[in-house]
Amino acid sequence: MKRETSGSIRFDHNHDGIDRRGFLKCMAWAGAGALCVVEGGVLKSFALNNPAAKRAKGQLSFVQISDSHMGFNKPANPDVVSTLKAAADKINALPVAPEFMLHTGDISHLSKAEEFDNVDQILKAARPKQVFFVPGEHDVLEDDGKPYRERYGKNALGDGWYSFDKNGVHFIGLVNVMNLKAGGLGTLGTEQLKWLEKDVKHLSHSTPIIVFAHIPLWAVYPDWGWGTSDSAQALSYLKKFGSVTVLNGHIHQTMQKVEGNVTFHTACSTAFPQPKPGTAASPGPMKVSAEQLRSLLGITEVSLAHGRHALAVTDSTLE
Amino acid sequence: MNRQGWKLEVSALALTLALTLAVSAATAPRERAPVSSEVKIDNFTFEPQTLTVKAGTTVTWTNRDDIPHTVVSTDLVFKSKPLDTDESFTFTPTKPGTYGYFCSLHPKMTGKIIVQ
């Protein structure tokens, strides 16, 4: 299965310009710009130059950014300030102005106050003024994450989890980077799981759910710690919903997976790329040329298509 | 202090020294020389993964990765601050036993210090 060079679609079974088997290739399309739409829990995808893409213009649009790693200064990106600025520019250039931003963690590299300050300052230049954060493991290195929570988690519970509603969509920010155990993966923990079960109990089945957390909530590559040990428990509480979208960061590359009613999506970093699972000795920063760098960094735009409970997830690079 | 007293003290010191040397010569030598007390962190791995040292040996972890790591004992006997590239952490175990540890940022990274 591959995308034709002209941008046309090969697996258009319903003759509607939608490639129902193409979603797994979204990752490969990221450089060109691809659009993935969830309708009734089924993810569909098509190239951005397809006229059908217009349908994704909707009543709610927001942007996900991730892994800005402010303070990182090594190859392949000695200047994470300018790539985060480029991400803000990219957000400002989007045809549909996003209402807010989600940052899925690793805001800073070493949890330093000046690193957080820097990110906050740069993001002020982006049009959406509201930013919802969840921490990455790099953000909670000091004092068990207290400085993070004091800055970003004032209205959050526990280690920094919370939920909110926007335009009929229920958003849930989870923390899976605390109290990690030797040899283990990301962890949500009993207290947070209990809260989650209660949080979604009262919601109707037709409410679109968006969960965001730093470490992927599915087993991307456990050998590198790219997964969350108790994510199955969390997802079991979301089974009743028709449309669940999970947005993660941590792995510095885009990846998609659909499992029943749940669509998983990871975003690019704005700082440096990481290798594809298992293709390098370790998940350390991938050293690429300066020319190549921005094609491997990016932002993710998500919109709720008007009147059709459809979420469109669009990745674009910083080039 | 008179001259005599000074002389006496010096010989006492010499005697202590000689005794100490004799004792260590009798007990120390033939055992295996302590293995390296350095642990390198490279490619998200502690190397060597298992290090055997004698009680009182100072163990030094040095991060050679581009990404920060920590060194945290499973029983919280020791815990480093985040180590950025080329930063080090030392711990001197005094009690024999096995000390498991890991990186709290990347918990897949684990290691062990066996103290004899």
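Now for a description of the structure that goes with this document. (Residues numbered from 1 in each chain as written. Chains lettered and ligands numbered in written order. Predicted model: local features only at pLDDT ≥ 70, side-chain atom pairs only at ≥ 80, totals over all residues.)

All names here are of chain A. The 6 strands are arranged β6-β7-β8-β9-β11-β10 in an open sheet whose pairing can be described as mixed. Looking at which strands have only one partner, the edges of the open sheet turn out to be β6 (162-166) and β10 (255-259). Taken over all neighbouring pairs, the strand axes of this sheet differ in orientation by 15° on average, direction set aside. With 5 bridges joining them, β6 and strand β7 (residues 169-173) adopt antiparallel strand pairing. Looking across to β7, one finds that Lys 166 is bridged to Val 169. (Pairing = 2+ DSSP bridges. Helix = DSSP H or I, 4+ residues; strand = E, 2+ residues; numbered from the N terminus. Axes fitted to C-alpha atoms, helices over the stretch in contact; angles between N-to-C directions.)

Before going further, it helps to examine the pairing of strand β8 (residues 209-213) of chain A. Residues and elements named next belong to chain A. Most of β8 is tucked away, with 5 of its 5 residues classed as buried. Both faces of β8 are covered, namely the face carrying Ile 209, Val 211 and Ala 213 and the face carrying Ile 210 and Phe 212. Across 4 bridges, the pairing between β7 and β8 is parallel. Looking across to β8, one finds that Gly 173 is bridged to Phe 212. Since β8 and strand β9 (residues 244-248) lie parallel, the crossover through helix α6 (residues 231-236) that links them has a hand, and here it is right-handed. (Buried ≥ 20, exposed ≤ 12 C-beta atoms within 10 Å, placed from the backbone. Right-handed = clockwise from strand over helix to strand, strands pointing away.)

Okay, the sheet that holds strand β1 (residues 38-42) of chain B next. Residues and elements named next belong to chain B. Pairing is mixed in the open sheet, where 4 strands are placed in the order β2-β1-β4-β6. The sheet terminates laterally at β2 (45-47) and β6 (88-91), the two strands that pair on one side only. The sheet shows a mean angle of 20° between the axes of neighbouring strands, direction not considered. Here strand β4 (residues 59-63) pairs with β6 via 4 bridges, running antiparallel. Along β6, the bridge assignment pairs Val 59 with Phe 91.

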